[in-house]
Amino acid sequence: MTLDATFAVAWMNAAATALDDACPLLTELDAARGDADHGVNMQRGFAAIAAQLAEEPPSTAGEALISASKVLRRTMGGTSGPLWSAALRRAGRTIGDDPRTLAAALAAAGSAVTELGGASEGDNTMLDALLPAARTLERELEGGASLRDAVTAAAQAADDGAQATASRMASKGRASYLGERGLGSADPGATSAAIVVRSLRQAVA
Ligand code: ADP
Ligand code: MG
């Protein structure tokens, strides 16, 4: 399989649909830990990406993700808007035709978020879903798994990473002001990042 524009557009469209469905859940998670805007932020940002990619079809996967990054810079608020914009720009610059570049693109997205936001894995952020997914994807592809199987394993790693945030206190972002009161529910940004990773499954079907 080639990581072409059709693949990237299918990924972004699947993410837009999944984030629309998950909006109530993400709102609830952000109500417990933050200010309840994360569902709407992600829903609005990715809906705008889907609209833009339909209006101006990209010619490569990289072009699609860079276009998505620009859309988010315009449309998505919160702390997560600029972070996702940086993540997609870096992913777009890194991704190529070869399936292996998808693992590098996810890792590059994580690096961009780290550089901009200063968080590390374990701080209860979107990185707790993104980075395990990038590592798992790389390991599976290196081991000879098909892209489809590797993406399925990466989606599971992202979900596990997001779930693990429920049993830790946040040290970055609004949830860090809560201390122990933030325990028990998953970080909204890690949960939505896992949804974005899981959406890859529809793009590699
Ligand atoms: P805001 O916190 O401004 O309301 P959102 O609710 O849209 O923005 O996004 C909150 C999510 O952003 C958090 O759940 C967390 O995953 C992520 N986040 C917050 N700060 C950082 C950071 N410094 N680095 C990485 N991710 C972060
Ligand atoms: Mg919020």
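Reading the values: the criteria
- Residues numbered from 1 in each chain as written.
- Chains lettered and ligands numbered in written order.
- Predicted model: local features only at pLDDT ≥ 70, side-chain atom pairs only at ≥ 80, totals over all residues.
- Heavy atoms only, no water.
- Helix = DSSP H or I, 4+ residues; strand = E, 2+ residues; numbered from the N terminus.
- Rg over C-alpha atoms; globule rule 2.2 N^0.38 Å.
- Buried < 20%, exposed > 50% of the residue type's maximum accessible area, 1.4 Å probe, protein only.
- Contact = heavy atoms within 4.5 Å.
- Areas by Shrake-Rupley, 256 points an atom, 1.4 Å probe, with all protein chains shown as cover.
- Lys, Arg positive; Asp, Glu negative; His and termini not counted.
- Charge placed at Lys NZ, Arg CZ, Asp CG, Glu CD.
- Near = heavy atom within 4 Å.
- Polar contact = N/O pair within 3.5 Å; in protein donor to acceptor, adjacent residues only side chain to side chain.
- 1 Å grid on protein atoms, 1.4 Å probe; cavity = no way out; pocket = protein on both sides within 12 Å on 5 of 7 lines; lining within 4 Å.
- Sits in = over half its atoms within 2 Å of the grid points.
- Nonpolar A, V, L, I, M, F, W, Y, C, P; charged D, E, K, R; others polar.
- Points joined across faces, edges and corners; volume = space filled by probe spheres on them.

A. Fine view of the overall build of the protein. For the protein, the count of helices and strands is ten helices and zero strands. Secondary structure elements in the protein, listed N-terminal to C-terminal, are α-α-α-α-α-α-α-α-α-α. Taking 205 residues into account, the globule formula puts the C-alpha radius of gyration at 17 Å, and the protein, at 16 Å, falls close to it. Burial statistics for the protein: of 205 residues in total, 52% are counted as buried. Contacts spanning at least 24 positions in sequence make up 69% of the contacts within the protein whose residues lie at least 6 apart. Accessible surface, the protein: about 8700 Å² in total, of which carbon and sulfur atoms supply 50%. Here the protein contributes 18 positively and 24 negatively charged side chains, and the mean placements of these two sets differ by 4 Å.

B. Quick peek at the site of ligand 1. By nearness alone, 20 residues border ligand 1, and His 38, Asn 41, Thr 79, Ser 80 and Asp 187 come closest of all. One of the side-chain nitrogen or oxygen atoms of Ser 80 is found 2.5 Å away from an oxygen atom of ligand 1. The contact in question runs from an oxygen atom of ligand 1 to an N or O atom on the side chain of Asp 187, over 2.6 Å. For ligand 1, whose unbound accessible area comes to 560 Å², protein coverage reaches 95%. When atom positions are compared with the pocket grids, ligand 1 is found to occupy the largest pocket. Those elements that provide at least two residues to the shell around ligand 1 are α3 (38–55), α5 (80–94), α6 (100–117) and α9 (188–198). Ranked by residues supplied to the shell around ligand 1, first place goes to α9 with three residues. Of the residues belonging to the shell around ligand 1, the class tally is six nonpolar, nine polar and five charged.

C. Looking closely at the layout of surface pockets. A volume near 500 Å³ is recorded for the largest pocket. Residue lining of the largest pocket: 24 residues in total, with Thr 79, Ser 80, Gly 173, Arg 174 and Asp 187 positioned closest to the centre. Contributions of two or more residues to the lining of the largest pocket are made by α2 (23–33), α3, α5, α6 and α9. A breakdown of the residues in the lining of the largest pocket according to their chemical character gives six nonpolar, eleven polar and seven charged. Reported here for the second largest pocket is a volume of approximately 190 Å³. As for the second largest pocket, its lining consists of Gln 52, Glu 56, Pro 57, Pro 58, Glu 63, Ile 66, Ser 67, Lys 70, Val 71 and Arg 74. It is helix α4 (residues 61–75) that provides the largest number of residues to the lining of the second largest pocket, a total of six residues.

D. Quick peek at the side chain of Ser 199. Turning to its location among the elements, Ser 199 is positioned in the loop between α9 and α10 (200–203). Residue Ser 199 is classed as buried on the basis of its relative accessible area, which comes to 2%. Excluding anything up to four places from it in sequence, Ser 199 contacts Trp 11, Ala 14, Ala 15 and Ala 18.

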